[in-house]
Amino acid sequence: MLFSKISLLVATNAFFAVQADDSTRPPGYAEKKATRKRPKAVGNNPVCFAPGNDNVDAATEITVDGPGASFDLTCATVEAGEPAGSGWFDGPFVDNSVWYRFTAPASGCAAIETVGPTGSVDTQLALYQASDPSDFSTFDELASDDDNGSSFLFASLIVYGQPYFILLTPGEEYYVQVDGWSGDQGTASIEVRDECPGLPTPIIKPATHSDTSDPLRDLATAAAGGTAFAKPFYYEVPKFEGPLPALGGKTSTTPGVASALDGALDEGPTVSTIPHTKVNFEGIANDDFSPNFVPPDTVGDVGPNHYVEMVNTAIAIYNRTGTPLLDPVLLGTVWQNFPLSDCAGDNGDPIVLYDQFVDRWILTQFTLGCFVPGGGLCYNCVAVSTSPDPTDSYYRYAFVAQADPTFPGSTYFPDYPKYGVWSDTYVLTTRDFSLSAAPFGVSTYALEKDKMVAGHPAPLSVQFFLDGSVPSNLIGNGLLPSDIDGKRHPTAGSPIPHIAMDFNALNMWDLSVDWTSPSSSRMVHAGELRTAKFDISYPCDFTPGGRPDACIPQPNTEQKVDFLGFFLLHRFAYRKFRGYESMVVTKNVQARTGVAGARWYEIRRYPYGDYSIYQQGTFSPDDGVNRWMGSIAQDAAGNMLLGYSVSSKEVYPGIRYTGRLADDPLGKMSLGEGTIIDGSGSQTADAARWGDYSSMNIDPVDDCTFWYTNQYYEITSSRGWQTRIASVELPGCKGSKGSKGGKSSKGSKGSKDAKGSKGGLRH
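The structure displayed is predicted, hence computed values, not measured ones.

A. Highlighting a nonpolar patch on the surface. A cluster of nonpolar side chains, Tyr606, Tyr614 and Leu666, forms an exposed patch at the surface whose accessible area comes to about 290 Å². Checked against the element boundaries, tyrosine 614 lands in strand β35 (residues 611-619).

B. Examining the pairing of strand β17 (residues 324-330) more closely. Across the seven residues that make up β17, a large majority, six, are buried. Judged from the four bridges that link them, strand β16 (residues 314-318) and β17 form a sheet pairing that is antiparallel. In the strand pairing of β17, alanine 314 is matched with leucine 330. In textbook terms, the turn of a hairpin is the stretch between consecutive antiparallel strands, and for β16 and β17 this stretch comprises five residues, one of which, glycine 322, has a positive phi near 100°.

C. Focus on the sheet that holds strand β23 (residues 425-433). Spatially, five strands are ordered β10-β25-β24-β23-β22 in an open sheet, and the strand pairing comes out antiparallel. Bordering the open sheet on either side are β10 (203-206) and β22 (413-421), each of which pairs with just one other strand. Adjacent strand axes in the sheet meet at a mean angle of 25°, parallel and antiparallel pairs treated alike. Pairing geometry for β22 and β23, over seven bridges, is antiparallel. Paired with lysine 418 across the two strands is threonine 429, which belongs to β23.

D. The confidence of the model for the protein, seen in detail. Counting all residues, the mean pLDDT for the protein is 84, and 81% of those residues have values of 70 or more. In this model, residues 19-44 is a region of pLDDT below 50 whose contacts with residues beyond four sequence positions or in other chains number 37 contacts.

E. Summary view of the state of the cysteines. The final tally for this structure, using the stated rule, is five disulfides. Here cysteine 48 pairs with cysteine 75 through a disulfide, and the sulfurs are 1.1 Å apart. An S-S torsion of about -45° defines the bridge between cysteine 48 and cysteine 75 as left-handed. Here the residue cysteine 48 occupies a position in the loop between α1 (29-34) and β1 (60-61), and cysteine 75 occupies one in the loop between β2 (69-72) and β3 (98-103), the gap between them amounting to 27 residues. An identical accessibility class is assigned to cysteine 48 and cysteine 75; each is buried.

The rules behind each value
Along each chain, residues carry numbers from 1 onward, in the same order as the chain's sequence is written. In keeping with the predicted nature of the model, local features appear solely for residues at pLDDT of at least 70, side-chain atom pairs appear and are counted solely at 80 or more, and the whole-chain, interface and lining totals rest on all residues. To get the side-chain values, take all heavy atoms of the structure and skip hydrogens and water. A patch consists of residues exposed above 30% relative accessible area that lack any salt bridge, with like charges linked at up to 9 Å and nonpolar side chains (Val, Leu, Ile, Met, Phe, Trp, Tyr) linked at up to 5 Å. We get accessible surface area from the Shrake-Rupley algorithm with a probe of 1.4 Å; when it comes to residues, only the shown protein chains can shield them. A carboxyl oxygen of Asp or Glu within 4 Å of a side-chain nitrogen of Lys or Arg is what we treat as a salt bridge. For helices the rule is a DSSP run of H or I covering at least 4 residues; for strands it is a run of E covering at least 2, with both sets numbered from the N terminus onward. Only protein chains enter the accessibility calculation, which uses a 1.4 Å probe; a residue is then buried when its area is under 20% of its type maximum, exposed when over 50%, and partly exposed in between. By the convention used here, strands pair only if DSSP detects at least 2 bridges between them. For helices, the fitted axis covers only the stretch in contact; all axes are lines through C-alpha atoms, and the angles between them, taken along N-to-C directions, range from 0 to 180 degrees. Known as pLDDT, the predictor's per-residue confidence is scaled from 0 to 100. Contact definition: two residues touch when any of their heavy atoms are within 4.5 Å. Our working definition of a disulfide is a cysteine sulfur pair at a distance within 2.5 Å.

Rendered as structure tokens:
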């Protein structure tokens, strides 16, 4: 028999606590125990002891559909090598976890939820399968969640099983990890239910309002003498307060953590061979209206004869050499005199697309009527040109947003809308939330393209609302819809790919729309794609009252600007090649400690096959410059161009680009780096907003020339951003006809007089 003995000299009236424990432990326990946190002081108690199920080898068994179990995370600790859920906002980092285990029921499904009264501990959940419970290297994460539970604010919920996951093996034991978000302490309970997730069902609604506008050039002339728009810089909903707290609803409290090695780091070539810009001219600037806001949400697209640019409160139209055809006018001008007056506001988050299949333009924005205490109605406003001329008239539509169950007669706010062109459908995705405590979610809408192009008064929308019943790691902070490049149609009947990001994976979704029988439409999870390691925990400086995402430094100011690491960035560019479909997308990551880089992916799908990551890379030359807020596309030959913002303590915010040829080594931007414009000023607004997106598009004339727009600063100011529009053509793209117009040398600013006069039509 083994005994333990402690001898020590103690002071009179001192408080001590003694813990006795069973010595029977599995191999390796001593090594784990040696790395455990020591007992800590909590409140007025000098010593705090870890709960009995603090270690995975002492996981508490829970009976499915049984009474559940209570837990207290106050003194919980972390084991050496302990995993963390990929769907957790906190890093992912594990802070103070406890463990449970359960046996899978015959259905192969399980709903795991933390429950408790208001004010219970803020929890994170992860579900694991393990071949050896004593060895964390054998733990395979099946699902994770942060805050999708409904029992109390910040409760967590995992509903596992088909159609989103393969079924659990009946009779097999699984492990559940409960952690406190950012080390939050307190009590709650956990329960496991025999419950399977259900497929989202289509919500079919016609447009609520529609009309045909006067020509935009006439609306702009009428509006030219109006009052300048003035909107506070903070009017836009901060993106880190987005719908899904598992990725975007909380602030990381672990600044300064060294970046994990990026698994796809690409430092670029030593010598740049990338071509110079072909055209390079000024776009909309904030001083065009003095609207006092950030960020610009810069977006644009190119057609056979025009380039259309939109920012949060304005639209401008140019010819292909940069001559203004419609000088910047307020965004609401597009919807002037529309039956729904909310659409005529200068609301923001615009998207502009050119539909090469029907030679039409699509202009969009949201409304803000629901984003007030007590609720209201919000809409997605969509205008489709009646001709190839974007200064001509438009068929205009309003589609109501997702209903808010907390406020009858109200809707969610359709934040961060993104659109795509498909053969027979216009696709829209939104991040849905409200000021209430209602569950958050993500929506995708199929809009009836054929009727919209024809001016039908009531085209349908087929909507799928992915709410808290969908595991949050599968939808992340929102979906991006496919947007087709080139004129090759997808195979008839092919589903429309959507993509979402997780902390270590991409998730693919397929939207299948049947316009002859809309109720037969489906939205299904089409696979999880594990990525090379990346890090979005940029070591920001967290200051009281400051923005937690303000990470990117600038010269001659302590003010930093947004990193925005929790989003896939506009666009999810789709192209049909012979024998396969290819999609490209980019996002911001921390490429090396304290330096942002541009992670990009090419995803392929072969006939009758699944999606797969064909290649990926993180472009980040070792020069200390941050590269972020990008957009990427492919030309007809499969060459890629990636545009992005740059900034550092020594480099003013400017715009650059990199690229690769189709036959270059996988994962490499082999052509080096070019400059659209060097910045010469910094943004000093304490709102810190930057982006929130930019736009890389393909010329429909030659299917080879890339057009890119983004923001930069020429003069240090609070919110005096400017935008730039440029085109680049890479070698080896067959059928390239070039593009007439001036060429600016690399890094030059081009002709400033291309901006034209303010406030209306350029005669």
